[in-house]
Amino acid sequence: MNRVANPGCTRALIAVDHTMQGSPCGLVPETVAFAKGEKTRWTVKRSSANGWLMLIAIGALTVGALVYMLDRPAATAYLLPGALSFSGGHHPVFGALGGHLPEFVHVYAFILLTVAISPWPARVLPVCGFWWAVDSLFEIGQHPVIAPTITAALPNWFRRIPILDHIANYFLRGTSDPADLVAVALGTVSAYLTIRLIRKSEVGHATDTQIRS
Amino acid sequence: MPQTRRFVPDSGRLLALLAVIVLGVLTTVGSGGGGGGGGSTAPTSLTYTGVTTPAAVDQSNAQTLVAAALQGGSAGTLVTGAVELPGPAARSGEPRVIGLVDLLKGSLERIDFTLAGGTTVSGTLVPYSETIPSPYGTGSLILSFTYDDQTGSFSGTATYNNYCEDADSCVNGESGFSGQLDLTVSPPELESAQFTFPLLSVTDNGIAYQMSGAIGMIVQSPTQTQVTMSAVIGDSSGTYKIDNYVYLVTDYTTYVEVAQSAGRFYHPTYGYVEVKTLASLLYHLVSNVVATWPYQGEFEIDGASSTKALLTALSDDVNVTPQWQLQLDNGSGVLLPLSSGDWVDL
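Remember, it's a predicted structure, so these values are computed and weren't measured experimentally. All residue numbers here refer to positions counted from 1 along the written sequence of the relevant chain. By the order in which they are written, chains take letters starting at A while ligands take numbers starting at 1. Under the rules for a predicted model, residues below a pLDDT of 70 receive no local features and side-chain atom pairs below 80 are neither given nor counted, while totals for whole chains, interfaces and linings still include all residues.

Colleague: Can you walk me through the overall build of chain B in this structure?
Modeller: Secondary structure elements are taken from DSSP: a helix is a run of H or I of four residues or more, a strand is a run of E of two residues or more, and numbering for both begins at the N terminus. Helix and strand counts for chain B come out as three helices and 16 strands. When the 346 residues of chain B are sorted by exposure, 47% land in the buried category. In chain B, of all internal contacts separated by at least 6 residues, the share reaching a separation of at least 24 is 51%. Any residue with 12 or fewer other C-beta atoms within 10 Å of its own C-beta is exposed, any with 20 or more is buried, and the rest are partly exposed; the C-beta atoms used are placed from the backbone. The contact rule is simple: place each C-beta atom from the backbone, and if two of them lie within 7 Å, those residues are in contact.

Colleague: Before we go on, may I ask you to explain the overall build of chain A in this structure?
Modeller: Looking only at helices and strands, chain A features seven helices and two strands. Classification of the 213 residues of chain A by burial places 38% in the buried group. In chain A, of all internal contacts separated by at least 6 residues, the share reaching a separation of at least 24 is 60%.

Colleague: What should I look at first to understand the environment of S155(B) in this one?
Modeller: Residues and elements named next belong to chain B. As for its position among the elements, S155 is in strand β4 (residues 153-164). Measuring from C-alpha to C-alpha, the distance between S155 and A193 comes to 9.2 Å, with 38 residues separating the pair along the chain. Filtering out sequence-adjacent residues up to four positions away, S155 remains in contact with F145, T146, F177 and S178.

Colleague: Please explain the pairing of strand β13 (residues 296-302) of chain B as it appears in this structure.
Modeller: Remark: a regular strand shows side chains that alternate across the two faces of the sheet. Summarising the sheet, strand β11 (residues 271-286) of chain B and β13(B) pair through six bridges and their orientation is antiparallel. Within β13(B), the position partnered with E274(B) by the bridge is D302(B). Two strands qualify as a pair provided that DSSP identifies no fewer than 2 bridges between them.

Colleague: In this structure, what is going on with the nonpolar core? I would like to understand it.
Modeller: A general feature of soluble globular proteins is that nonpolar side chains tend to end up buried together. Counting 80 residues, the largest nonpolar core has L65(B), V66(B), A69(B), V273(B) and A309(B) as its most contacted members. As used here, a nonpolar core is made of buried Ala, Val, Leu, Ile, Met, Phe, Trp, Tyr and Cys residues. They are joined through C-beta atoms within 7 Å. Core analysis: the second largest hydrophobic core is formed by 31 residues, V107(A), Y108(A), L112(A) and V115(A) among them.

Colleague: Explain the packing of helix α3 (residues 101-117) of chain A against helix α1 (residues 11-30) of chain B to me, please; I cannot follow it from the model alone.
Modeller: Two quantities define a packed helix pair, namely the angle between the axes and the distance from one axis to the other. Taken N-terminus to C-terminus, the directions of α3(A) and α1(B) make an angle of 170°; their axes are 9 Å apart at the nearest point. With respect to their mutual orientation, α3(A) and α1(B) come out roughly antiparallel. Contact residues: α3(A) offers H106(A), F110(A), L113(A), T114(A) and I117(A), while α1(B) offers R13(B), A16(B), L17(B), V20(B), G24(B), T27(B) and T28(B). The axes used here are C-alpha line fits, helices contributing only the stretch in contact, and every angle between their N-to-C directions lies in the interval 0 to 180 degrees. Oblique is the label for any angle not under 35 degrees, not over 145, and not in the 65 to 115 range, which are roughly parallel, roughly antiparallel and roughly perpendicular in turn.

Colleague: What is the right way to read helix α4 (residues 124-140) of chain A from this model?
Modeller: Residues lying three or four places apart along an α-helix face the same way, a consequence of the helix completing one turn every 3.6 residues. Residues and elements named next belong to chain A. Here, expected helix span is obtained from the residue count minus one, scaled by 1.5 Å. End to end, α4 covers 24 Å across 17 residues, agreeing with the expected 24 Å (1.5 Å per residue, within 8%). Among the residues of α4, V127, C128, W131, W132, D135, F138 and E139 are the ones counted as buried. Buried residues in α4, looked at end-on, bunch into an arc of 140°, giving them a common side. Residues L125 and P126 are exposed on α4 and point more than 90 degrees away from its buried face. The arc in question is traced by the directions running from the helix axis to the C-beta atoms.

Colleague: What is the right way to look at unusual backbone geometry in this model?
Modeller: Leaving glycine aside, a negative phi is the common case for residues, and trans is the common case for peptide bonds. All names here are of chain B. Here the amide bond leading from S186 into P187 is cis, since omega sits at -5°, within 30 degrees of zero. The residue P187 is located in the loop between β5 (169-182) and β6 (189-204) in this model. Here the amide bond leading from T321 into P322 is cis, since omega sits at -5°, within 30 degrees of zero. Position of P322 among the secondary structure elements: in the loop between β14 (308-313) and β15 (324-329). With a phi close to 55°, N244 is a non-glycine residue in the positive phi region. Mapping N244 onto the fold places it in strand β9 (residues 238-251). Residue class for N244 comes out exposed when judged on the 10 C-beta atoms lying within 10 Å of it.

Colleague: Quick question: what am I supposed to make of the packing of α3(A) against α4(A) here?
Modeller: All names here are of chain A. Remark: α3 packs on α4, axes separated minimally by 9 Å, with the N-to-C direction vectors making an angle of 145°. Relative to α4, the crossing made by α3 is right-handed. Contacts between α3 and α4 pair E103, H106, V107, F110, I111, T114 and V115 from the former with V124, V127, C128, W131, W132 and D135 from the latter. In this count, Pro and Cys sit with the nonpolar residues alongside Ala, Val, Leu, Ile, Met, Phe, Trp and Tyr, while Asp, Glu, Lys and Arg are called charged and the others, Gly among them, polar. Class assignment for the residues of the contact of α3 with α4 results in nine nonpolar, two polar and two charged. In this scheme the handedness of a crossing depends on how the near helix is turned from the far one: anticlockwise by less than a right angle means left-handed, clockwise means right-handed.

Colleague: Sorry, what's going on with the pairing of β4(B) here?
Modeller: All names here are of chain B. Where strand β3 (residues 140-147) meets β4, eight bridges bridge the pair, whose relative direction is antiparallel. Pairing of I142 across the sheet is with T159, part of β4. The hairpin turn running from β3 into β4, its antiparallel successor, is five residues long, and G152 in that turn takes a positive phi close to 90°. Pairing of β4 with β5, which is carried by 10 bridges, proceeds in the antiparallel orientation. Within β5, the residue paired with S153 across the bridge is Q180. Connecting the antiparallel pair β4 and β5 is a turn made up of four residues.

Colleague: For this particular structure, what's the right way to read the environment of G99(A)?
Modeller: Residue and element names in this part refer to chain A. Take G99: it is sitting in the loop between α2 (46-71) and α3. Classification of G99 by C-beta neighbours within 10 Å gives buried; the count is 24. Separated by 28 residues in sequence, G99 and D71 have C-alpha atoms that sit 9.0 Å apart.

Colleague: What should I look at first to understand the environment of K276(B) in this one?
Modeller: Residue and element names in this part refer to chain B. By the secondary structure assignment, K276 is in strand β11. Judged by the 17 C-beta atoms lying within 10 Å of it, K276 falls in the partly exposed class. In the structure, K276 is positioned 22 residues away from E298 in sequence and 8.7 Å away in space, judged by C-alpha atoms. Dropping the residues within four chain positions of it, K276 is found in contact with Q260, S261, A262, G263 and E300.

Colleague: Mind showing me how you'd approach helix α3 (residues 96-109) of chain B here?
Modeller: All names here are of chain B. With 14 residues, α3 ought to run about 20 Å at 1.5 Å a step, and its terminal C-alpha atoms sit 20 Å apart, in line with that. Most of α3 sits out of view: 10 of its 14 residues are buried. Where α3 is concerned, the buried positions are R96, V97, G99, L100, V101, D102, L103, L104, K105 and S107.

Colleague: Mind showing me how you'd approach the confidence of the model for chain A here?
Modeller: Parts of the prediction with low pLDDT should not have their coordinates interpreted in detail. Mean pLDDT over chain A stands at 72; residues scoring 70 or higher make up 60%. One confidence number per residue, pLDDT, is output by the predictor and ranges from 0 to 100. Within the model, pLDDT remains below 50 along residues 1-27 of chain A, and this stretch shows 45 contacts once partners closer than five positions in the same chain are excluded.

Colleague: How do you make sense of the confidence of the model for chain B when you look at a structure like this?
Modeller: Residues and elements named next belong to chain B. Averaged over all residues, the pLDDT of chain B equals 80, while 84% of them reach at least 70. For chain B, per-element mean pLDDT is lowest for strand β1 (residues 4-6), which scores 56, and highest for β13, which scores 95. Every residue in residues 33-43 is under pLDDT 50, and counting partners more than four places away or in other chains gives 57 contacts. Overall, residues 75-91 carries pLDDT values under 50, and its contacts beyond four positions in sequence, including any with other chains, amount to 51 contacts. Quick note on the complex model: pTM equals 0.56, ipTM equals 0.71.

Structure below.
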């Protein structure tokens, strides 16, 4: 049986005998039936990697929440209760970074979360693209030229539902900032790299274990 | 051999995926655009962190308190960079409780509402945007709003980019606004308006200050407006707070009358006093700019333990001395003269 050492594990998988027992590189072989025929693919054992992704995502979201709790006035975040706002009486804890950190953290964390629970774990790029688009469009939608068009198109029943009743304010009172778009893009790229890194380290770990055994 | 199976994601994971997507979108909306600011930029409002207990007015603080309460912050003439204009009115910027109201109201009055309004086929309001060049300098005002031409209501945002209503006062920042037009007259006239601004940066005759808060105004006649204002004001001398100032502003050809019925002023060092006018304050209007100080009227601050101070405006003529007189009641119920002088010394 071929044993494939990390790095270069993924490419070397072509040489793996499909009849082998066990799963080198921590990969699980499965043949998937697609509309145009069957295809064998190898997927990473996900449980451990996904756990890490979720932990990192929750950590990142916590940092984002701290920005609002410590540096932003209570009234600027709909979901932040006044009792959890400690922004007064001190210099901003996150400094100038706090202005754009939430935009970075949001796209970063939700890409990780989505990949961690997605039924299609190999499709990382579409997930990154989706959240990049969502966060960027919301940011652009705050531009004063665009915001009124969006708010005017909102259905009236939104006004009767918590959170949805706030969408108009989000667009009308928010500030469209090019630096936030940069933060969203950086968050997307960082999330992609984080996923690659975590999965690579998991693959390496699985391979090492197997070699030792 | 690897097993062959049709790839069907399990419903539990699909549901979890959907939940994450919904949560992601909702947190995007929920983390921004609250009372203003939008969750997109650095901290965007002022917070008052000074003393919040009632101030006892005494000999040592009466002059400071009354000057700050009258001006809505520090007395402008004490700030470096202030320029005193020649003429009858010693000037170092308009009184803030008048200047900002004029500016905000003026920006609404520049809207041609006949161009806005209407609804789409589906019944939603048609948005309207307009960029107004600054009357002075190269700045602009961007107005984005919806207007219901059936009811006369409107709401939106005003973005001030170094927008100068006159040669001396310019503003930067954003304000949400809403209001009502009187449709019974033609053309429709402004009936009421409310502004909420997380942070407006104003320079007035070389003096810079910032304001976070809300202003409401009810237009009672073309020349008379009732104003309510709550705001935190920051300038080079500190951060002050005005709470629920209620006053009536009446414009005349050569002067402006201000009658204040209620309000509380917070001074960062001494605490708060209640303020009101016993006799309307009259400010000269020179070249469409309101003088810094009144030339007539009585302004009272009430502090803890029945202490109070009464400022009487005598003149704003730089050739007249004294221009004001201050009396103090230390709680005994009797007002006694404390000091007098020129406005530049208040």
